[in-house]
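Survey of secondary and tertiary structure
Spelled out, the chains give:
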Amino acid sequence: MLRRIHSLPALVLGLLIAVLAISGAILSVNPAIDRLGTTVPERGQVSVALLAERIAENFVGVEQIQRSPSGSIIVYYNQGDRAEAMRVDPLSGKAIGPYAPSPTTRWIKNLHRSFLADTPGRAAAGISALTMLVLCVSGMALLLKRVGGWRQLLRPLRGSFSQRWHSELGRIALLGLLMSALTGILMSATTFGLIPEGADTEPAFPTAVETPDAPVPVGTLPALLEMDLQDLRELVYPMPDTPSDFYSLATAQGDGYIDQATGVLLVFQPHDRVQNIHELIYRLHTGEGLWWLGLLLGVCALSVPVMSATGVVMWWQRRRLMPRIANNSGAQAADTVILVGSEGNSTWGFANALHDALHKAGKRVHTAPMNLLAKEYRQARHLFVLTATYGDGDAPTSARQFLARLERFSGDNKPAFAVLGFGDRQFPRFCQFAREAREALFRRGWTEFLELDTVDRQSSQEFARWGEAVEPALSLKLGLTHVPSHPQTCPLELISRMDYGAQVNAPTSILRFGPVASPSAGGRLRRMLGISELPHFDAGDLVGIVAPGSPVPRFYSLASGSSDGFLEICVRKHPGGLCSGMLHDLQPGARIDAFIQPNPDFRPASGKSPVVLIGAGTGIGPLAGFIRNNTGKHPMYLYWGGRDPASDFLYEPELDGYLADHRLTGLNAIFSRTANGGYVQDRLLDHASQMRRLIEDGAQILVCGGRAMADSIRQTIDAIVAPIGLDVATLKLQGRYREDVF
Ligand SMILES: Cc1cc2nc3c(=O)[nH]c(=O)nc-3n(C[C@H](O)[C@H](O)[C@H](O)COP(=O)(O)OP(=O)(O)OC[C@H]3O[C@@H](n4cnc5c(N)ncnc54)[C@H](O)[C@@H]3O)c2cc1C
Ligand SMILES: Cc1cc2nc3c(=O)[nH]c(=O)nc-3n(C[C@H](O)[C@H](O)[C@H](O)COP(=O)(O)O)c2cc1C
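Residues numbered from 1 in each chain as written. Chains lettered and ligands numbered in written order. Predicted model: local features only at pLDDT ≥ 70, side-chain atom pairs only at ≥ 80, totals over all residues. Heavy atoms only, no water.

**Remarks on the overall build of the protein chain**
- In terms of regular secondary structure, the protein chain is built from 22 helices and 24 strands.
- For the protein chain, the C-alpha radius of gyration of 37 Å lies well beyond 27 Å, the compact-globule estimate for 742 residues.
- Each principal axis of the C-alpha distribution contributes one length, and for the protein chain these read about 115 × 70 × 60 Å.
- When burial is assessed residue by residue, the protein chain has 48% of its 742 residues classed as buried.
- A total of about 36100 Å² of accessible surface is found on the protein chain, and carbon and sulfur atoms cover 56% of it.
- Of the charged side chains in the protein chain, 70 are positive and 69 negative, and the gap between their average positions amounts to 10 Å. (Helix = DSSP H or I, 4+ residues; strand = E, 2+ residues; numbered from the N terminus. Rg over C-alpha atoms; globule rule 2.2 N^0.38 Å. Buried < 20%, exposed > 50% of the residue type's maximum accessible area, 1.4 Å probe, protein only. Areas by Shrake-Rupley, 256 points an atom, 1.4 Å probe, with all protein chains shown as cover. Lys, Arg positive; Asp, Glu negative; His and termini not counted. Charge placed at Lys NZ, Arg CZ, Asp CG, Glu CD.)

**Quick word on helix H5 (residues 118-147)**
- Given a rise of 1.5 Å per residue, 30 residues ought to cover 44 Å, and the 43 Å separating the end C-alpha atoms of H5 matches this to within 8%.
- Gly149 occupies a position one or two residues after H5 and carries a positive phi of about 110°. (Expected span 1.5 Å × (residues − 1).)

**Thoughts on the UniProt feature "domain: FAD-binding FR-type" (unreviewed entry) in the protein chain**
- In this numbering, the UniProt entry assigns the feature "domain: FAD-binding FR-type" (unreviewed entry) to residues 487-605.
- Summarising residues 487-605: 13% helix, 34% strand, and an end-to-end C-alpha distance of 28 Å. (UniProt positions renumbered as here; feature names shortened; annotations may be inferred.)

**A closer look at the pattern of salt bridges**
- Evaluation of the coordinates by the stated rule reveals 30 salt bridges.
- Linking Arg400 and Asp601 is a salt bridge whose minimum nitrogen-to-oxygen distance equals 2.8 Å. With Arg400 in the loop between strand E11 (382-388) and helix H11 (402-407) and Asp601 in the loop between strand E19 (591-597) and strand E20 (611-616), the pair connects residues that are 201 residues apart, well separated along the chain.
- Judged by its relative accessible area of 41%, Arg400 falls in the partly exposed class.
- Where Asp711 meets Arg429, a salt bridge forms, and the shortest distance between an N and an O atom there is 3.9 Å. Here Arg429 lies in the loop between strand E12 (416-423) and helix H12 (432-443) and Asp711 lies in helix H21 (residues 707-721), a separation of 282 residues in the sequence.
- Owing to a relative accessible area of 28%, Asp711 belongs among the partly exposed residues under this scheme.
- Exposure remark for Arg429: the relative accessible area of 27% places this residue in the partly exposed category.
- Linked by salt bridges that have partners in common, Arg429, Arg707, Asp711, Arg714, Lys732 and Glu739 make up one network. (Salt bridge = Lys/Arg side-chain N within 4 Å of Asp/Glu carboxyl O.)

**Some words on the UniProt feature "domain: Flavodoxin-like" (unreviewed entry) in the protein chain**
- Sites flagged by UniProt as "domain: Flavodoxin-like" (unreviewed entry) map to residues 336-471.
- This span, residues 336-471, is 33% helix and 26% strand, and a straight line between its end C-alpha atoms measures 14 Å.

**What about the site of ligand 1?**
- Close contacts around ligand 1 come from 20 residues, with Arg554, Phe555, Tyr556, Cys579 and Ser580 the closest.
- Between Arg554 and ligand 1, the recorded distance is 2.7 Å, taken from a side-chain N or O atom to an oxygen atom.
- Here an oxygen atom of ligand 1 and a backbone polar atom of Cys579 are 2.8 Å apart.
- Protein contact buries 71% of the 900 Å² of open area that ligand 1 shows by itself. (Near = heavy atom within 4 Å. Polar contact = N/O pair within 3.5 Å; in protein donor to acceptor, adjacent residues only side chain to side chain.)

**A closer look at the nonpolar core**
- Judged by nonpolar contacts, the single largest core of 28 residues is most densely connected at Leu358, Phe384, Leu386, Phe463 and Trp466.
- When residues of this core are traced back to their parent elements, those giving at least two are strand E9 (336-341), helix H10 (346-360), E11, E12, strand E13 (448-456) and helix H13 (460-474).
- Of all the elements, H10 adds the most residues to this core, at seven residues.
- Not counting the four nearest positions on each side in its chain, Leu358 is found in contact with Thr336, Ile338, Lys363, Val365, Phe384, Leu474, Leu476 and Leu478.
- In terms of nonpolar packing, the next biggest core, distinct from the first, is built from 27 residues, Val337, Ala395, Phe433 and Leu452 among them. (Core = buried A, V, L, I, M, F, W, Y, C linked by side-chain atoms within 4.5 Å. Contact = heavy atoms within 4.5 Å.)

**Points about unusual backbone geometry**
- One non-glycine residue with positive phi stands out, namely Asp118, at about 45°.
- As for its placement among the helices and strands, Asp118 is situated in helix H5.
- For Cys431, which is not glycine, the phi dihedral falls at a positive 50°.
- For Cys431, the position within the fold is in the loop between E12 and H12.

**Details of the sheet that holds strand E24 (residues 737-741)**
- One open sheet accounts for five strands, arranged E22-E21-E20-E23-E24; its pairing is parallel. Pairing within the sheet leaves two strands with one partner each, and these edge strands are strand E22 (666-671) and E24. For this sheet, the mean angle separating the axes of adjacent strands, direction not counted, is 10°.
- The pairing of strand E23 (residues 700-705) with E24 spans five bridges and is classified as parallel. Looking at E24, one finds that Ile701 is bridged to Tyr737. (Pairing = 2+ DSSP bridges. Axes fitted to C-alpha atoms, helices over the stretch in contact; angles between N-to-C directions.)

**Things to note about the sheet that holds strand E17 (residues 554-557)**
- Across the sheet, six strands lie side by side as E17-E16-E19-E14-E15-E18; this open sheet has antiparallel pairing. The sheet is open, and its two borders are formed by E17 and strand E18 (567-572), each paired with just one other strand. Between one strand axis and the next, the sheet turns through 40° on average, direction left out of account.
- Bridge analysis of strand E16 (residues 542-545) against E17 gives four bridges, and the strand direction is antiparallel. Note that in E17 the partner of Leu542 across the bridge is Ser557.

Right under this line is the structure:
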């Protein structure tokens with residue numbers, strides 16, 4: 001909902017807002033330029049009378065003296081029968097140069113105020129300012145949601161290039177944009193008379209004296225002698241040879257008239273509060289008289305076109321990722337419902353194929369994410385659940401709310417269901433979430449029309465085979481096929497390797513890769529601009545590597561983020577292992593093809609709560625990456641198990657450095673093949689009371705490594721936290737227990 005509030009108005013009025021912002025940014029330079037070209041005398045240094053006197057020495061036929069908020073002085077005078085305007089020096093009253101407002105500036109001002117379209121344009125500008133305010137507030141709310149609250153507002157941001165720039169600029173420019181939007185709305189409301197501008201009557205014109213005395217020189221008028229130049233806005237001279245006329249004066253405090261013979265201020269009407277507020281709003285919006293603020297606001301405004309562009313890119317990417325299903329019936333009209341659980345979107349491709357085949361066979365099909373399970377399905381006879389599994393047997397993003405929504409399902413009609421799990425047999429809990437969804441449906445009294453089946457690594461053959469089983473169950477001919485597109489790989493070059501563990505039968509290498517310089521124009525440009533050619537990733541994501549001899553990619557947990565400038569993994573060589581063997585044979589300079597598989601759940605939570613990192617063997621990889629990036633020095637404790645400190649103490653020198661610079665708070669390494677050695681779970685038990693304290697303080701636990709280790713860590717933590725009324729399941733629900741298990 002919040003996202004819709006943010007993106008919908010932005011998409012509709014984005015272009016107008018960008019025009020307002022760019023024109024505003026250009027105009028914002030004017031007060032500064034004006035200020036730079038002007039000497040502003042100190043308060044008390046020059047009175048209006050003094051300046052008027054000096055101007056009189058240099059000009060004849062003066063009609064008006066104007067002082068801009070930046071302090072520049074313009075004199076309007078008549079030369080013969082030609083009206084002239086000249087910029088003058090506020091100290092000497094001498095001419096600096098003719099004053100001719102730039103037609104370009106006037107055009108940009110009109111564009112900014114009314115999109116060159118008079119009253120309708122002014123209304124559009126006002127509505128755009130209002131939309132800007134909505135974007136600022138909703139954008140701020142989205143950002144806070146993303147970073148996890150006010151306190152995290154300054155923490156580094158993650159995401160794609162567009163996401164990061166959009167949010168980064170948003171948080172930098174927010175205050176400036178808020179101020180421009182608010183003041184713009186108020187000015188617009190004043191223009192349309194929606195709020196008062198203050199007293200709109202001029203001071204009463206003084207009654208003329210019947211036989212006025214002869215005028216005295218302007219430089220001797222007492223009212224002007226007392227007035228500092230900084231307070232002047234405008235001094236309009238009396239009509240020449242008209243002793244009954246008056247000087248008309250506008251100052252920062254109010255307006256009035258001066259007798260040209262006595263120099264007395266005859267009438268003075270001070271500005272009222274509303275006028276003062278209106279003036280302040282005007283100055284805050286334009287930067288007039290506050291040139292530094294004008295420049296600041298202008299810089300903030302420049303972020304708007306960039307945010308518009310990145311916003312459109314993000315919207316487009318989301319749209320592209322959210323599959324478009326042709327002929328999608330409404331939930332209540334459909335006779336067949338397909339619910340999809342997916343994170344990386346490949347399952348949507350399979351769901352789309354099923355949707356098309358059922359539609360062609362004459363069915364009214366409704367396809368939606370599992371999170372959008374309806375409260376009832378009035379006409380559905382069949383329900384298909386196609387879901388991937390993530391984390392360690394958990395729900396993918398589009399299915400996280402499914403189990404809770406299922407509990408709230410209130411319809412009498414429960415269509416017969418079939419679950420198809422998508423997973424990867426490399427993960428220990430193969431298609432676990434599909435199984436859980438099925439069990440939950442059973443528990444809620446739904447019946448199954450086809451037994452659960454699974455698809456390993458998006459296999460087209462397994463999907464087609466399942467399709468053949470669906471046909472008799474529905475008495476339909478479907479001919480289901482779908483060939484998923486494979487992830488795009490990028491080349492990487494080995495920069496360095498550190499080898500460990502050979503003596504303890506656990507050959508393990510830390511491999512550090514860099515990008516391969518692309519010969520394309522894009523690659524050259526990136527290098528010229530100093531932009532890394534690595535794809536974006538964070539420690540904790542996975543890299544998929546395709547080894548020659550097998551089309552199936554192997555995953556490795558990343559021990560670095562792309563901001564580190566290299567891609568690092570920690571690989572244990574398996575006897576006869578195709579991919580691990582290939583990686584262990586690599587020498588610096590050798591190249592591999594790889595792709596990034598995001599794993600955004602496996603990350604330290606933001607904030608100051610402690611993080612307990614637990615791993616064994618190569619599981620240290622992402623944990624070391626988290627510690628390296630803990631530049632905020634939040635409390636981080638590492639529990640790690642190896643075999644022998646003399647042979648496989650991975651990352652030992654780095655960890656010592658992290659301890660010294662406080663990126664790591666506590667290091668607990670334990671080795672199984674030494675005297676008095678043990679496993680990592682033994683060390684956790686030794687530290688049970690400290691662990692309980694950390695968990696009571698809100699600690700998050702991140703576990704990385706093999707299945708067996710992860711299982712026993714889970715049991716150990718369960719035992720440790722039982723006395724404080726907690727268990728791993730609860731911690732998982734709270735997002736405080738995350739695993740990367742292989
Ligand atoms: C999410 C995820 C993250 C991973 N992260 C890492 C990591 O950071 N570092 C790392 O070294 N590995 C990691 N792995 C394991 C890695 O993906 C490969 O499975 C491993 O390198 C073996 O692949 P291979 O091609 O060398 O072996 P294969 O040719 O596939 O198999 C050869 C032999 O190795 C055995 N074998 C394969 N995998 C394992 C395993 N995981 N445990 C025990 N025996 C196995 C097989 O049973 C077989 O006998 C991860 C796996 C997953 C799913
Ligand atoms: C980080 C990560 C964790 C995964 N965990 C599991 C798992 O526990 N069990 C499983 O069967 N598959 C697991 N998978 C594999 C995905 O479920 C599988 O690739 C699926 O086809 C992805 O579908 P999607 O692209 O629609 O999300 C995991 C994949 C990733 C990247």
